Amino acid sequence: MFKKTNNPIAERIVINGKECIRFTFNEVLTSLEAASFVTEWKRSFEEDFDEKVTIIWQCLDMKNDKTEARLIFQNALKDVKDKIETIWLVTDSILIQAEAEIISFFASYKIHLVKSEEELLSQMSVA
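Residues numbered from 1 in each chain as written. Predicted model: local features only at pLDDT ≥ 70, side-chain atom pairs only at ≥ 80, totals over all residues. Heavy atoms only, no water.

A. Local environment of the pairing of strand E4 (residues 53–58). Of all 6 residues in E4, 6 are buried; the element is thus mostly enclosed. Alternating residues of E4 divide into Val 53, Ile 55 and Trp 57 and Thr 54, Ile 56 and Gln 58, and every residue in both groups is buried. Looking at chain direction, strand E2 (residues 18–24) and E4 are connected through 5 bridges and run parallel. From the neighbouring strand, Arg 22 faces E4, where its bridge partner is Ile 56. As defined by bridge partners, E4 adjoins strand E6 (residues 84–90) across 6 bridges and the pair is classed as parallel. Bridge assignment links Ile 55 to a residue of E6, and that residue is Ile 87. (Buried < 20%, exposed > 50% of the residue type's maximum accessible area, 1.4 Å probe, protein only. Helix = DSSP H or I, 4+ residues; strand = E, 2+ residues; numbered from the N terminus. Pairing = 2+ DSSP bridges.)

Right, here's the structure in full:
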């Protein structure tokens, strides 16, 4: 499915019966990391998923990203939008929240914000 990279790390998981892909981001996402990962991400979506999937961006350790990296993810999101059911952002960083709002606006996709994995589990059971 996904190649193992240092940033982000992607894993397929099931939460409350929903198929999810959790992207765990390290401290800073560079444009080189984003470009490499997005290429694999888009290919995987085309080959591995027949139904829509829930995306989780786990950014508790993320401190920042490079503008170019955000643009790469933002454009990729537009390309696979029809394969995504929901996007959840796990962060307690105001900076990362702001970056996600920019992505949400330009990709025309609502991103749900939670501040912890526990809150994610709780909110996903309600949704």
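B. Looking closely at the environment of Leu 32. Relative to the assigned elements, Leu 32 resides in helix H1 (residues 31–48). Look at Leu 32 and you get exposed, because its relative accessible area is 69%. With 37 residues separating them along the chain, Leu 32 and Ala 69 place their C-alpha atoms 7.6 Å apart.

C. Broad picture of the environment of Ile 111. Inspection of the secondary structure assignment puts Ile 111 in strand E7 (residues 111–114). With a relative accessible area of 13%, Ile 111 lands in the buried category. Look past the residues within four positions of Ile 111 in its chain and what remains in contact with it is Trp 57, Ile 87, Leu 89, Ala 100, Ile 103 and Ser 104. (Contact = heavy atoms within 4.5 Å.)

D. Geometry of helix H2 (residues 67–79). For H2, with 13 residues, the first-to-last C-alpha span of 19 Å sits near the 18 Å given by 1.5 Å per residue. All of the buried residues in H2 are Ala 69, Arg 70, Phe 73, Gln 74, Ala 76 and Leu 77. Projection of H2 onto a plane perpendicular to its axis shows the buried side chains occupying an angular sector of 165°, all on one side. Along its buried surface, H2 packs onto strand E3 (28–29), H1, E4, strand E5 (64–65), E6 and helix H3 (94–107). (Expected span 1.5 Å × (residues − 1). Arc of directions from axis to C-beta.)

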